[in-house]
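Below, each chain spelled out in residue letters.
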Amino acid sequence: MLAYLIKRLLLGVVIVFAALLTVFCLLHLMPGDPVSIALGTRATPEIQAQYAEKMHLNDPLIIQFLIFAGQALTGDLGRDVFSNRAVSVMVFEQLPYTAILALSSITWAILVGIPLGCLSAIRPNSLLDRILGLISVGTIAIPSFLVSIWALLLFAITLRWLPVIGAGEIGDPLDQAAHLILPSFAVGLGWVGYIARLVRASMLEVMNENYVRAAWAFGLKSNTVIYRYALKVAVLPTITMIGIGFGHLLSGTVFAEIIFARPGIGKLIFDMVMSRNFPVVQGAVMVTAAMYVITTLVADLMVAWLDPRVRESL
Amino acid sequence: MKNFNEKRREFLQVASALGMGAALGGYSIQTNAEGHRVLNARSHLKLASLDPGYMVGGSEITIQWALMPRLANFTFEGGALGWAPSDFVSHLSQPDGTHIDYTLKPGLQWSNGYGELTSDDVKYSFERMLESEWKGDWSALDHVEVKDKYSGTLVLNKAFAPIWALALLSGTGTLVCKKATEEVGGKYTVDVPATCGPYVMDWIPKQKVTLTHNPLWTGPKPYFDKINYISIDAPEVAELAYEAGEVDCTKILAKTHVRWMKSPPPNTKLHVVGALQYMWMGMNVDHPKLKDIRVRQAIQHAVDIDSIIQGAYEGASIRSYGMVCPGLPGQRKDSSVDYNPEKAKALLSEAGVSGLSLVLKTLNVQERILAAQIIQANLGAVGISVKVIPLDSGPFWNMGQESKGDEWKDLQIWLMRFGGSPDPHSMAQWFVKDQVGIWNWERWSDPEYEDLYIKGQLETDPVKRNAIYVRMQEIMENTGAYVWIGHEPEVFAHRSNLAPMIAPSGEEDFSRFTAA
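Draft legend 1. The arrangement of the sheet that holds strand E18 (residues 413-419) of chain B in detail. All names here are of chain B. Strand order in the open sheet made by the 6 strands is E15-E19-E14-E18-E16-E17, with mixed pairing throughout. Strands with a single pairing partner mark the edges of an open sheet, and in this sheet they are strand E15 (318-319) and strand E17 (385-391). Here helix H9 (residues 305-313) sits on the sheet in contact with E15 and strand E19 (482-487), set at roughly 40 degrees to E19.

Draft legend 2. Main features of the interface of chain B and chain A. Each partner contributes to the interface: chain B provides 31 residues, whereas chain A provides 31 residues. For the side of chain B that touches chain A, the element with the most residues is helix H12 (residues 393-398) of chain B, which contributes 5 residues. When the residues that make up the side of chain B that touches chain A are grouped by side-chain class, the tally is 16 nonpolar, 8 polar and 7 charged.

Draft legend 3. Fine view of the packing of helix H8 (residues 293-302) of chain B against helix H10 (residues 341-350) of chain B. All names here are of chain B. H10 packs onto H8 with a crossing angle of 165 degrees between their chain directions and a minimal axis gap of 8 Å. Relative to H10, the element H8 is oriented roughly antiparallel. Once H8 is placed against H10, the crossing between them reads as left-handed. Contact residues: H8 offers Arg294, Val295, Gln297, Ala298, His301 and Ala302, while H10 offers Pro341, Lys343, Ala344, Leu347, Leu348 and Glu350.

Draft legend 4. Here's a closer look at the pairing of E18 of chain B. Across 7 bridges, strand E14 (residues 277-283) of chain B lies against E18 of chain B in antiparallel orientation. Counted as the bridge partner of Tyr278 of chain B is Phe418 of chain B from E18 of chain B.

Draft legend 5. Main features of the nonpolar core. Counting residues in each nonpolar core, the largest one holds 212 residues, and the members touching the most others are Ile195 and Ala284 of chain A together with Ala241, Trp280 and Ile485 of chain B. The biggest single contributor to this core is helix H8 (residues 173-207) of chain A, with 15 residues.

Draft legend 6. Spatial organisation of the packing of helix H11 (residues 236-252) of chain A against helix H14 (residues 278-306) of chain A. Residues and elements named next belong to chain A. Following both chains from N to C, one finds H11 and H14 inclined at 165 degrees, their axes separated by 8 Å at the closest point. Taken together, the axes of H11 and H14 are roughly antiparallel relative to one another. In terms of crossing hand, the pair formed by H11 and H14 is right-handed. Residues Leu236, Ile239, Thr240, Ile242, Gly243, Ile244, Phe246, Gly247, Leu250 and Ser251 of H11 touch H14, and the partners they reach there are Thr288, Met291, Tyr292, Thr295, Thr296, Val298, Ala299, Asp300, Met302, Val303 and Leu306. Of the residues in the contact of H11 with H14, the class split is 13 nonpolar, 7 polar and 1 charged.

What counts, and at which threshold
- Residues numbered from 1 in each chain as written.
- Chains lettered and ligands numbered in written order.
- Predicted model: local features only at pLDDT ≥ 70, side-chain atom pairs only at ≥ 80, totals over all residues.
- Pairing = 2+ DSSP bridges.
- Helix = DSSP H or I, 4+ residues; strand = E, 2+ residues; numbered from the N terminus.
- Contact = placed C-beta atoms within 7 Å.
- Axes fitted to C-alpha atoms, helices over the stretch in contact; angles between N-to-C directions.
- Nonpolar A, V, L, I, M, F, W, Y, C, P; charged D, E, K, R; others polar.
- Parallel < 35°, antiparallel > 145°, perpendicular 65-115°, else oblique.
- Left-handed = near helix turned anticlockwise from the far one by under 90°.
- Core = buried A, V, L, I, M, F, W, Y, C linked by C-beta atoms within 7 Å.
- Buried ≥ 20, exposed ≤ 12 C-beta atoms within 10 Å, placed from the backbone.

Here is the structure:
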């Protein structure tokens, strides 16, 4: 187990490095001069030169990358070229908002998606299964930004039940929770259908396993067979997917963050890409890539903990 | 007793406004549980620096005005920009073109124990601008002469009419505390070392700035006790937040302006604060296809501006006849170029040009792409085929600059929009000879324009200034390189019981917001 953990952590370092290299290359492949975009019309050649020097833009690309990677290894993600604030501070200010949004979205998606998947699997090809299938595919198909806008128009503008913008007052958990409802609904809706379909497929497979059929033959209660024997195994692939999904949401909530004017890491990266603020983009991507690696690792460890077969194979 | 009566009246005003708002189903400005007046305003808050010498502008200026001293306030009466002494001075005057006298009010305290606001702070603040990123706006300042602890004179190196609009009334006219700024190395970003204004701030990055009363402030108490300056990037989201009652004052899009003029949300007033942007279609006079002035003039006559204003901007943009924006000296009210496709065809025929094909480049913004398509149809009607290329901001802003490669050589026609400070000088500066290959992408120059450019800076007589800038725009139009399109207005929506004070360039002066 320890060897597996070390192996995965080393792999994680490689993944983070690869993600950084990719983002670095993409940033520098983007058309347009970052100096002109960042400083606009008022910048004199002198100011442009200062800015280019601050961003190491005159150095070869490999040197620029090595400078960043070298600093990152020592825990220094650099400084925002405009405000001179530490990138690590900026990123970790935003990260909790995205983490809580991703967590609440995935949590309600699990709470609804797993029972839906079970219901579908219990009576395959029944009317209920077909209706739930339609709903699941429908929720997957609707883009989350569209859900965000509809939810906002209905619940905030028309019905005036929920707040529209921001993350709520700091120190007021109820207000923060109220501000979380619409964004997490919009972000999690697609995952409801996805989890339901995944659980259904796994459950159908598990329900035909000998040990489940034996449980039925012993005359155990259906709830015991379904939830204690079948679901426990059927949910394992879902856990892996949830781990990946959570990691994905850490940078994939950008639409909800823009539409609901919420702070968050996705919006931070988006804003900084638009203003070609390379140090912040690189720092934020590095942190989200690391978080992604950690969440998938945690999911895999959970699977290993729940499934002795996996544990033994490590 | 008088205070009690005033408070009672204010309470009744607020209560009746709230009651009226509720009765109409709309929102009104709030009073919180403690009886404090609270304003929620939308900001496009990207705080990078609150140092007047190194800021980006926009919301940063709004915050500076709430926290820091300045000599003059803008006024905007009868559609014209003016100035008035601020709450920080007891005297401000300009006895001649090169001198501006001031006397600070005594007893105004900097925060963090940095003592009183003095004339040394004024000298330090303005003279450091000459070394700052905004030194262009202060190029006319020679030095500041300190007379005593509170008074002094700004001495200019030449008469410079735009000094008010460009410098003293803008964010760069903000005063900083000499001692505190020197202690942090002469420059700061978002941690202001000392403030001295009606408000103090609390910033939650990417969320909001909260402004509350400065306990050290001895000047007139601002109407609002607390201002939540909320960061909402997308303008459409800000409009929804306004409709949902979460902000009381927000800038709105031009197309929303048109819609809300017909059917505004309840309890809402719309306020056009200015129109300091100017949009045109430019032509590269050096390009072989456009070298003949008759071809350029044909294009000028072939474009139907009214169709663009209606089709692309739903009538929300103000038709333009030059670079100088509405409300400023030098704004042209008419043009010698009219929409005349027959004349355009005749000019092309006279030039011996047929089967001309051009490339029109624009930023990939919805309205501008629509405008480009209308131009494409207009020019097609006179026999000029046009290929429209929408571009991301990166490549777009590089295409006419010689320092960014050779693309300027292939540049033919393009849609461009600039914004400026509320003085015609700020608009005229981009078209001088020195700007060819930098921001003068049309690549023309004219000795008379250069001469008038200098005269416009020195002239303080409004009538003569007006004539100078009108003539400069005639020269521009006569090059055939410009098709003037429109000035997109800066529009704010706010609650009916709010009287905002917003600069023509869109920055809110919260200390001067009151109840209507």
